[in-house]
Amino acid sequence: MNTWLVNVTGLILIGLIVWWFWFYRPKAQRAIGSQPIEIIVMDGVYAPARIEVPAGQPVTLRFLRRDPSPCAEKVLFDSLSMSADLPVGKPMDVTVTPPQPGEYEFTCQMRMYRGALVAK
Amino acid sequence: MTAAIPVQTHAFRLSISGMSCAGCVTTVENALKNVPGVTAAAVNFAEHTATVQGNVDAKTLAAAVTTAGYGAAELRGVEDELEKEAAELAHYRALWRKFIAAAAMGAPLFIAEPLGLLPMLDMPGGRIFWLLVGAATLWVLVYAGGHFFRGAWKAFLAHNANMDTLIALGTGAAWVYSILIVAFPGMVPSLARHAYFEAAAVIIALINLGQALEMRARGKTSEAIKRLIGLQPKTARVIRDGAERDIPISEVGLDETLRVRPGEKVPVDGVIIDGHSSIDESMLTGEPMPVEKKVGDGVVGGTLNKSGTFLFQAKHVGADTALAHIIEMVRRAQSTKPAIGRLADKISAVFVPTVLILAIVTFLVWHNLGPEPKFSYALVATMTVLIIACPCALGLATPISIMVGVGKAAEYGILIRNGEALQQAGKLTTIVLDKTGTVTEGHPAVTALVPAVGWDEDRLLAMAASIEAGSEHPLAEAITVAARTKGLQLSAVVGFEAIAGHGVAATINGKRVLLGNARLMNKFHIDPGSLSERVRELAARAQTPMFLAVDGVVAGVVAVADPIKSDSRDAIARLHAIGLKVVMITGDNRATADAVAREVGVDEVMAEVLPGEKADKVTALQQRGEVVGMVGDGINDAPALAQADVGYAIGTGTDVAIESADVALMRGSLHGVADAIAISRATVRNIKQNLFGAFIYNTLGIPVAAGVLYPLTGLLLNPMIAGAAMAMSSVTVVSNANRLRWFRSSKTL
């Protein structure tokens, strides 16, 4: 196989990985009023994973865990020093208040499940 | 993007107290229905419960009922935990099924191939055979590995990459390459015509096995929580309408009367209204001695009634009991993380994309510089890099140890509020102990009775108690309590008079009685005689001696002191043994403070410190470069507890409301502090081992998988070995954390 073709493809793939995983910021879902925001926990992802919320105001996230594997059992808000145990198949409300504008990551214990609150 | 997000409603059950008539039902129902978000509310008067549906939370509902003039508490039992266990068991079994399916497919190929039992691709029927194998492997990938591919795809769409990404890419690449070779053998040189179906199947099998084993090991990490949950009995004997019956614990309402018989557990929190007993609270406080309880005393759900039968009124039920709060607090602490884990977090945030890049670089290097068949080598090395990298071990290293450590601490009656306190405890250089209530019992008691000639202890104490019966001084209380405990008869007092700074005087049975210090004796020109010597001795041992004089003649000495806890000295010796400087802080005068300090063996005494100055003293120590742990018994120590690097609230019993401390010790013994520090240090050590192991594993494993040793030794890792290593790395981390379960307090050694 053409070595040049392989090399160029490889480098393009590296570029795509850097862009897709590190530089691209998907649009955040916006919270509406004071309604809780439902987040499905399944197949290794929080859906939605990026949520836009107003800064300085409490916001309730309603986690619904459908993944029974232990990876999904906790959600941690490291920068807000909060966490919650998520029961399987039952909604769990977590109310957080991002103090100022910025990104507040929430993850599982292993940081494989990842999401972020974008406070504005 | 603005989209309506669907919201589900919850159902709540509340216990309602204070409803005396059917009219109350409407009031409570209306109060609940008026809460925004409530869609339905129904009150059951017979059960004193309410069922509410809506998009609200239990706290708001309880607040609405309270505002309406009633009491409410959410009824939530242990069902959640049981459901969780059932779901976990089902998942565990599914993992085993997937392992067996994948292994049944991969293992025979893995064994048969080196023995030359499998047909070559270019042999007659070879392609058909390998196409069938390819189809079977596809089934394995879908059935046993489908969740990895699903997870990888969803993560990809969310601009995220996780462990599923690595497994899906590694095994997916193996399968695609193999099926292409089988379908179009001419695509690659004959040397490179090797199918990797067995590698894909065996890797999927091993990773499922690893996850099952990890889940098993993880189950043990939450044993402490399960033990706490197991403390709660399933039923309670309630008295309703004069009849006793057993009901599920979740149906016990506020203010209901319950009976507890010997050998039974107390079902919920409440106050004894009839009978008395001794209760074993060790399961919650770690305190081995049973506690005597009588009418008016509080009892705590989950503790064991030893001897008597009693009736009590439920004051906290459901999610509001001390046990439920303790479980909640332990759970919360188990998910916090100390700073030591942050580096691992930063690395794991960029880990998977970095491994993807390394895998591509590996492929390119082999493809450019490797020996023939280049493509095969490049593919195997890339696959191995993807499979061996284990972000989970790195991510799990800290939280799993915290989980076991915090749980272990709870078994000792030590509630650690957060992971940061664990880490700080390892750095402490000085421990500051509040004297009253921490080193000492915190309430004065009669410690010595020295009768003069012609008197005995009981007469002396009865006389002293009689005169003090009208006084509100804490020392007076100690004397009257002592007399009451001995069942002594007190006499009527006439003309009681308190002489400030001296003592008290009164007439009892027509005799002039004085009780007070040496100054009082001087004032009335009474010679204490040989008892003066005893008084000096007692004062030197931090006791407060008082002379009792009857009609101008000394009848004896009554000494009162705040007794030093029996094990304070041993516990302070343990703190010294782990290299800590021990400082005692107190508002008491220097003589008393020094006397206590001598008895227990502290290094430094800070006496005559006003309550508001304690925090300043802690700050001063910190400015001297000390890392300070402060031990206090509550409210007046709160600022100092908060100021210290680690605050330990001691002897809070089952009242876990102390918010200013990082660590709450449920028993009164100072051994709790030594235990808390020992457990903290063991946990931090365990985290370090885990982090070190996970770092070393990945930093050595990935380059070896990429083939850096190949030019020197010809070693290239088999991807299946990489799969086994990866599967075992998380199991190792969890197992190492589980070693913390064997922690034992050195007190019992």
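Everything below is about the structure shown above.
Just so it is clear, the structure is predicted and the values come from calculations on it, not from any experiment. Each chain has its residues counted from 1, running along the sequence as written. Whichever chain is written first is A, and whichever ligand is written first is 1; the rest continue in order. The predicted origin of the model limits local features to residues at a pLDDT of at least 70 and limits the giving and counting of side-chain atom pairs to 80 or more, whereas totals for whole chains, interfaces and linings rest on all residues. Hydrogens and water are ignored here; the side-chain numbers use all heavy atoms of the structure.

Quick look at the sheet that holds strand 9 (residues 277-280) of chain B
All names here are of chain B. In this description, strands pair whenever DSSP reports at least two bridges between them. By the criteria applied, helices consist of DSSP H or I runs no shorter than four residues and strands consist of E runs no shorter than two, each listed in order from the N terminus. A sheet is described by the order of its strands in space; here three strands give the open sequence 10-9-12, paired in antiparallel fashion. The open sheet is flanked by strand 10 (291-293) and strand 12 (304-305), the only strands paired with a single partner. One ladder, built from two bridges, connects strand 9 with strand 12; its direction is antiparallel. From the neighbouring strand, isoleucine 279 faces strand 12, where its bridge partner is asparagine 305.

Brief notes about the sheet that holds strand 24 (residues 628-632) of chain B
Each strand in a sheet pairs with another by means of backbone hydrogen bonds, the pair being arranged parallel or else antiparallel. Residue and element names in this part refer to chain B. Judged by pairing direction, the sheet is mixed, and its seven strands sit side by side in the order 14-26-25-24-15-22-23 without closing on themselves. Lying at the two open borders of the sheet, with one neighbouring strand each, are strand 14 (414-416) and strand 23 (604-606). Between one strand and the next, the sheet's axes are offset by a mean angle of 20°, whatever the strand orientation. Alignment of strand 15 (residues 430-434) against strand 24, held across four bridges, turns out to be parallel. When the sheet's bridge partners are listed, leucine 433 is paired in strand 24 with valine 631. Contacts are residue-level and defined by heavy atoms, with any inter-residue pair within 4.5 Å sufficient. Lines fitted to C-alpha atoms define the axes here, with helix axes fitted over just the stretch in contact, and angles between the N-to-C directions of these axes take values from 0 to 180 degrees. Helix 22 (residues 614-623) rests against strand 15, strand 22 (581-585), strand 23 and strand 24 of the sheet, and its axis sits at about 160° to strand 24.

Some remarks on the pairing of strand 5 (residues 59-65) of chain A
All names here are of chain A. Judged by how many residues are buried, strand 5 sits mostly within the fold: seven of seven residues are covered. What you see with strand 5 is no split at all: Val59, Leu61, Phe63 and Arg65 on one side and Thr60, Arg62 and Leu64 on the other are buried throughout. Sheet analysis places strand 2 (residues 37-42) next to strand 5, joined by five bridges and oriented parallel. Bridged to glutamate 38 within strand 5 is arginine 62. Pairing of strand 5 with strand 8 (residues 91-96) involves six bridges; the strand directions are antiparallel. Directly across from leucine 61, in strand 8, lies its bridge partner valine 94. Here's how the labels work: a residue is buried when its accessible area is under 20% of the maximum for its type, exposed when over 50%, partly exposed in between, all with a 1.4 Å probe on protein chains only.

With respect to the interface of chain B and chain A
On the side of chain A, 49 residues touch chain B, which itself brings 57 residues to the contact. Put simply, buried area is the surface a 1.4 Å probe can reach on two separate parts but cannot reach once they are joined, added for both. A buried area of about 5,100 Å², summed over both sides, lies between chain B and chain A, and 61% of it is on carbon and sulfur atoms. The working definition used for a salt bridge is a side-chain nitrogen of Lys or Arg within 4 Å of a carboxyl oxygen of Asp or Glu. Linking chain B with chain A are two salt bridges. The term polar contact refers here to a pair of N or O atoms within 3.5 Å; inside protein, the definition further demands a hydrogen-donor-capable atom paired with an acceptor-capable atom, and it admits residues adjacent in sequence only when both atoms are side-chain atoms. Taken together, the links from chain B to chain A amount to seven residue pairs in polar contact (both at pLDDT 80 or more). Going through the elements one at a time, helix 3 (79-112), helix 5 (146-157), helix 7 (197-221), helix 10 (322-334), helix 11 (342-369) and helix 13 (391-411) of chain B are the ones with two or more residues in the side of chain B that touches chain A. Top contributing element to the side of chain B that touches chain A by residue count: helix 11 of chain B, with 14 residues. For this classification, Asp, Glu, Lys and Arg are treated as charged, while Ala, Val, Leu, Ile, Met, Phe, Trp, Tyr, Cys and Pro are nonpolar and the rest, including Gly, are polar. Partitioned by chemical class, the residues of the side of chain B that touches chain A number 29 nonpolar, 16 polar and twelve charged.

Some thoughts on the layout of surface pockets
The space that makes up the second largest pocket amounts to roughly 940 Å³. Broken down by secondary-structure element, the contributors of at least two residues to the lining of the second largest pocket are helix 1 (3-23) of chain A together with helix 5, helix 6 (163-183), helix 11 and helix 12 (374-388) of chain B. For the lining of the second largest pocket, the element with the most residues is helix 1 of chain A, which contributes nine residues. Grid points spaced at 1 Å and placed over the protein atoms alone form the basis of the search, with a cavity being a set where a 1.4 Å probe fits but cannot get out and a pocket an open set showing protein on both sides within 12 Å along at least five of seven lines. Lining residues have an atom within 4 Å of a point. Grid points are joined across faces, edges and corners, and a volume is the space filled by probe spheres set on the points.

A few points about the pattern of salt bridges
Per the stated rule, a full pass over the model turns up 27 salt bridges over all chains. Between aspartate 85 of chain A and lysine 74 of chain A there is a salt bridge; the shortest N-O distance is 2.7 Å. Separated by eleven residues along the polypeptide, aspartate 85 of chain A in strand 7 (residues 82-85) and lysine 74 of chain A in strand 6 (residues 74-77) bring together distant segments of the chain. By relative accessible area, aspartate 85 of chain A is classed as partly exposed at 23%. Under the relative-accessibility criterion, lysine 74 of chain A is labelled buried at 2%. With its nearest N and O atoms 2.5 Å apart, the salt bridge here joins arginine 259 of chain B to glutamate 244 of chain B. Of this pair, arginine 259 of chain B sits in strand 7 (residues 257-260) while glutamate 244 of chain B sits in strand 6 (residues 243-248); the two residues are 15 residues apart in sequence, bridging distant segments of the chain. Within this structure, Arg237, Glu244, Asp246 and Arg259 of chain B form a network of salt bridges that share partners.

Describing the packing of helix 13 of chain B against helix 24 (residues 671-706) of chain B
In a packed pair of helices, the relevant descriptors are the angle between the two axes and the axis-to-axis distance. Residues and elements named next belong to chain B. Close contact between helix 13 and helix 24 brings their axes to 9 Å; oriented N to C, the two are set at 165°. By the criterion of interaxial angle, the relationship of helix 13 to helix 24 is roughly antiparallel. In terms of crossing hand, the pair formed by helix 13 and helix 24 is right-handed. Along its contact with helix 13, which presents Ala393, Leu394, Ala397, Thr398, Ile400, Ser401, Ile402, Gly405, Lys408 and Ala409, the element helix 24 presents Ile679, Thr683, Asn686, Ile687, Asn690, Leu691, Ala694 and Phe695. Of the residues assigned to the contact of helix 13 with helix 24, the class counts are eleven nonpolar, six polar and one charged. When an angle is under 35 degrees it counts as roughly parallel; over 145 it counts as roughly antiparallel; between 65 and 115 it counts as roughly perpendicular; any other value is oblique. Two helices that cross are described as forming a left-handed crossing if the nearer one is turned anticlockwise from the farther one by less than a right angle, and a right-handed crossing if clockwise.

Here we look at the packing of aromatic side chains
Pairing of aromatic side chains here covers Phe, Tyr and the six-membered ring of Trp, requires ring centres within 6.5 Å, and sorts the geometry by plane angle: under 30 degrees stacked, over 60 edge-to-face, intermediate tilted. Applying the stated criterion to the full structure yields 25 aromatic pairs over all chains. Plain terms: the ring middles of tryptophan 20 of chain A and phenylalanine 156 of chain B are 4.8 Å apart, the flat faces sit at 20° to each other, and that makes the pair stacked. Taken as a pair, tryptophan 20 of chain A in helix 1 and phenylalanine 156 of chain B in helix 5 lie in two separate chains rather than in one. According to the relative accessible area criterion, phenylalanine 156 of chain B is partly exposed, its value standing at 33%. Measuring from ring centre to ring centre gives 5.7 Å for tryptophan 153 of chain B and phenylalanine 156 of chain B, while their planes differ by 20°; the resulting arrangement is stacked. Note that tryptophan 153 of chain B and phenylalanine 156 of chain B are positioned in helix 5 at a spacing of three residues, about one turn of the helix. An aromatic cluster is present here, built from Trp19, Trp20, Phe21 and Tyr24 of chain A together with Trp153 and Phe156 of chain B joined pairwise through their rings. Over the ring of tryptophan 455 of chain B we find arginine 459 of chain B; its NZ or CZ atom is 4.3 Å from the centre of that ring. Sitting over a ring, as applied to charges here, requires NZ of Lys or CZ of Arg to be within 6 Å of the ring centre and within 35 degrees of the ring normal.

Brief notes about the side chain of serine 277 of chain B
Residues and elements named next belong to chain B. Take serine 277: it is sitting in strand 9. Take serine 277: its relative accessible area is 2%, and that puts it in the buried class. Reaching out from serine 277, the side chain makes a polar contact with the side chain of asparagine 305 at a distance of 2.4 Å. At a separation of 2.9 Å, a polar atom in the side chain of serine 277 contacts the main-chain amide nitrogen of glycine 308. The contacts of serine 277, once residues within four sequence positions are left out, are Val291, Glu292, Lys293, Asn305, Lys306, Ser307, Gly308 and Phe310.

Observations concerning the packing of helix 10 of chain B against helix 13 of chain B
Residues and elements named next belong to chain B. For the pair helix 10 and helix 13, the least separation of the axes is 8 Å and the interaxial angle reads 150°. One way to sum up the angle between helix 10 and helix 13 is to call them roughly antiparallel. Relative to helix 13, the crossing made by helix 10 is right-handed. Counted together, Val330, Ala333 and Gln334 of helix 10 and Pro399, Ile402, Met403, Val406, Gly407 and Ala410 of helix 13 form the full contact between these two elements. For the contact of helix 10 with helix 13, the class distribution of residues is seven nonpolar, two polar and no charged.

Observations regarding helix 17 (residues 474-485) of chain B
All names here are of chain B. What a helix is expected to span follows from its residue count: subtract one and scale by 1.5 Å. Under the 1.5 Å per step criterion, the end-to-end length of helix 17 is 16 Å for twelve residues, consistent within 8% with the ideal 16 Å. All of the buried residues along helix 17 are Ala476, Ala478, Ile479, Thr480, Ala482 and Ala483. One or two steps after helix 17, the chain reaches glycine 487, where phi turns positive at roughly 70°.

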